[in-house]
Structure formats: C-alpha cells, structure tokens
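Observations on chain architecture
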Amino acid sequence: MKKYTIDDLRDIMVQLRGENGCPWDKVQTHQSIKKSMIEECYEAIDALDSGDDHAFANELGDVLLQVVFHARIAEERGAFDFDDVVNEICTKLITRHTHVFGKDNAVSAEEALGQWEKNKKKEKNLDSYTAMLEDVPHYLPALMRSEKIQKKAGSVGFDWEETEPIYDKISEEMTEVKEAVKNGKSDEIEEEYGDLLFAVVNLGRHLKVTPEIALTKASDKFVNRFKEMEEKAVSDGKDMAELSAKELDELWEFVKKA
C-alpha cells in the first residue's frame, strides 16, 4: 500500500480545488470552514483520551487537512502558501526558544515558559500588561479563556495569595446573583452569573484543577448517571418522562449511591 506524504496531501488539495475537482471543496472559503478547525481539534483530543493510537493519528490528519485547506485557499488569493506556514512556525519556535537556540538560560519548565512569554511579548509588541490580556483569543472556550486571562493578570502580581478568600468571593458573587434574580433584569442576571463563573474558575486555578477538564468530567458523570437512571426506570417498567420531579430525584439518589 502506498505511503502518502505531505506533498501528496498538498497535491490532492490542489486537485480538489481545481476546475475538475469537488463541487463542495471548490466553493469553500476561510470563513466557511473556520469552525471545522475547532471541531477537528476537539475530535483529536477525544481520540487521544480514548487511547486508540490509530484513531488519534486519523484525527490528527483531519487537523492537518484544515491547515492545508486554509493554506491552499490563501495561495489561490496570493496571500501565502503551505511553505510560508511551515516557515512561520519554524521561525517562531527558534525565536521563542532563546534558551535553546540563543543565549538565554532555562533549567526548569517554569523558566522555559517564562522565556517563551517574554519573547512572545517582545515579538507581538505587547507593550502593556493589558495588551497581554487582550491577546488571549476570544474564540477559546470561555472557561479556558478566563483561566488564561487570570494567569496573565497573576503574572504581574494581581492575584489571590491564598485560596481561602476565593471561597468568600464565590459566596459574594452568589449573593449578587440572587439579588439580580430578585430584580428580574436579564442583563444584570447574566452579568452577575458571569462574575460567579469567573470566580469559580479562579478557585480551580488555585486548586491546580483545569476548569475545562473538570467540567467535562462532571458532564460525563452526569450523562452516565442519567443513563443509569433511565435503565433503572425501564427495568421497573416506567417512562422517565412520566415520573414526577420527586420520583426523578429519588431515582437520581438511588443510582448515585449504587
């Protein structure tokens, strides 16, 4: 069986986008496929966590396809090509790893990360601490983005020194959410709820827990328990949709203790 290379992938993309290529591929733009890159990255992480190396390699291929796809579209409009993409990342790796390719020193992972951030700030002309916060992409999942913003603010000392005050902050934000609900103003409720989530992310960061991962695991746990609830209801000859709130709560407690 032929072992394809990156050059084959590039040639295939050229053909797909060519005059006699695929009707769908030919009409795509950067904007029309941008969400696919996000989706493919998530699917790659799912495959990684599954422990199936073949599936992981397959999904990484889908991620690579997105890069080649965008590069080809850019090449067609005379902006840049795949070789430029490769050149950009190689240059970035060299200029930001000055402790490897330059004269800086870093003997720990923390020091290496510090060098990376210092070089990144210089490279992007981030001439203020606010610019560092604004540089965090809006397209990141909200929990992940808030965590990164908090870390960058913390790098200049604007952070909680201990965990205990964060519990108080969460209680304070919860009180403000309740007050907003009493006032009945949707904008105010959304704002205070957002402040509560932001405080909870702060707690996770100080507890060395990644909020995005923790919430994903909590969601998976909920789905599994819900599945057990439904299986128990079916085994008892009942339809969950016809059970009262009290009966559903009792069913939840049953599977939770099982």
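Scroll up a little and you will see the structure.
Below is a short write-up of the structure. The structure presented is a predicted model; accordingly, all values stated were derived computationally and were not measured.

1. Overview of the overall build of the protein
- Helix and strand counts for the protein come out as 13 helices and zero strands.
- Moving toward the C terminus, one meets the helices and strands of the protein in the order α-α-α-α-α-α-α-α-α-α-α-α-α.
- Against the 2.2 N^0.38 benchmark of 18 Å for 258 residues, the protein shows a C-alpha radius of gyration of 25 Å, more extended than a compact globule.
- Overall, the protein is about 60 × 55 × 40 Å in size when its C-alpha atoms are taken along their principal axes.
- Across the 258 residues of the protein, 23% fall into the buried class.
- If you take every contact in the protein between residues at least 6 apart in sequence, the share linking residues at least 24 apart comes to 49%.
- Accessible surface for the protein amounts to roughly 18,500 Å². Of this, 56% is attributable to carbon and sulfur atoms.
- Considering the protein, the positive charge centre built from 36 side chains and the negative charge centre built from 56 side chains are found 3 Å apart.

2. Focus on the packing of aromatic side chains
- What the rule picks out here adds up to three aromatic pairs.
- Between the aromatic rings of Trp 24 and Phe 69, the centroid separation amounts to 6.4 Å while the plane-to-plane angle is 70 degrees, which identifies the pairing as edge-to-face. Linking Trp 24 in helix H2 (residues 23-26) with Phe 69 in helix H4 (residues 53-76), this pair joins segments that are 45 residues apart in sequence.
- Relative to Trp 252, the ring of Phe 222 has its centre 5.5 Å away and its plane inclined at 35 degrees; by these criteria the two rings are tilted. Pair noted here: Phe 222 is in helix H12 (residues 211-235) and Trp 252 is in helix H13 (residues 245-257), with a separation of 30 residues, a long-range link.
- Clustering of aromatic rings is evident, with ring pairs tying together Phe 222, Phe 226 and Trp 252.

3. Things to note about helix H9 (residues 142-154)
- With 13 residues, H9 extends 18 Å between its outermost C-alpha atoms, agreeing within 8% with the 18 Å of an ideal straight helix rising 1.5 Å per residue.
- When we look at burial in H9, the residues that qualify are Leu 143, Ser 146, Glu 147, Ile 149, Gln 150, Lys 152 and Ala 153.

4. Concerning the pattern of salt bridges
- Counting across every chain of the model gives 16 salt bridges.
- In the salt-bridge network here, residues are joined through shared partners; they are Arg 17, Arg 72, Glu 75 and Glu 76.

5. Observations concerning the packing of H9 against helix H11 (residues 186-206)
- Remark: H9 packs on H11, axes separated minimally by 10 Å, with the N-to-C direction vectors making an angle of 65 degrees. One finds that H9 runs roughly perpendicular with respect to H11. As H9 packs across H11, the resulting crossing turns out to be right-handed. Taking contact as the criterion, the partners of Leu 143, Ser 146, Glu 147, Gln 150 and Lys 151 in H9 are, on H11, Phe 198, Val 201, Asn 202 and Arg 205.

6. Observations regarding H4
- Along its 24 residues, H4 runs 34 Å from first to last C-alpha, staying within 8% of the 34 Å computed at 1.5 Å per residue.
- Glu 59, Gln 66, Val 68, Phe 69, His 70, Ala 71, Arg 72, Ile 73 and Ala 74 are the residues of H4 that are buried.
- On its buried side, H4 packs onto helix H1 (6-17), H2, helix H3 (30-50) and helix H5 (82-96).
- By the N-cap criterion, in which a side-chain oxygen at the helix start approaches the backbone nitrogen of a residue two or three places on, H4 is capped by Asp 52, the distance to His 54 being 3.1 Å.
- Downstream of H4 by a residue or two, Gly 78 has a phi angle that is positive, lying close to 75 degrees.

What counts as what
Position labels on residues start from 1 in each chain and follow its written sequence. Residue-level local features of this predicted model are given only where pLDDT is at least 70; pairs of side-chain atoms are given and counted only at 80 or more, and the full residue set underlies all totals for whole chains, interfaces and linings. To obtain the side-chain values, all non-hydrogen atoms of the structure were used and water was disregarded. A run of DSSP states H or I qualifies as a helix once it reaches four residues; a run of E qualifies as a strand once it reaches two. Both are numbered from the N-terminal end. For the radius of gyration, the atom set is restricted to C-alpha positions; the globular benchmark scales as 2.2 Å times the number of residues to the power 0.38. Each residue is placed in one exposure class: buried if its accessible area under a 1.4 Å probe, protein chains only, is under 20% of its type's maximum, exposed if it is over 50%, and partly exposed if it falls in between. We call two residues contacting when some pair of their heavy atoms lies within 4.5 Å. Here the Shrake-Rupley method, with its probe set to 1.4 Å, supplies the accessible areas, and only the displayed protein chains count as covering residues. When charges are counted, neither His nor the chain ends are considered; positive counts come from Lys and Arg and negative counts from Asp and Glu. By convention, charge coordinates are those of NZ in Lys, CZ in Arg, CG in Asp, or CD in Glu. In this analysis, rings of Phe, Tyr and Trp, with Trp reduced to its six-membered ring, are considered paired at centre separations within 6.5 Å, and the interplanar angle assigns stacked below 30 degrees, edge-to-face beyond 60, and tilted for intermediate values. To estimate how far a helix should reach, multiply one less than its number of residues by 1.5 Å. For this analysis, a salt bridge means a side-chain nitrogen from Lys or Arg found within 4 Å of a carboxyl oxygen belonging to Asp or Glu. For helices, the fitted line uses only the C-alpha atoms of the stretch in contact; every axis is such a line through C-alpha atoms, and the angle between N-to-C directions lies from 0 to 180 degrees. Angular relationships are summarised with four words: roughly parallel below 35 degrees, roughly antiparallel beyond 145, roughly perpendicular across 65 to 115, and oblique for the angles in between. Rotating anticlockwise by less than a right angle from the far helix to the near helix defines a left-handed crossing, while the corresponding clockwise rotation defines a right-handed one. Think of a polar contact as two N or O atoms within 3.5 Å of one another; within protein, one of them needs to be a possible hydrogen donor and the other a possible acceptor, and neighboring residues in sequence only count if both atoms come from side chains.

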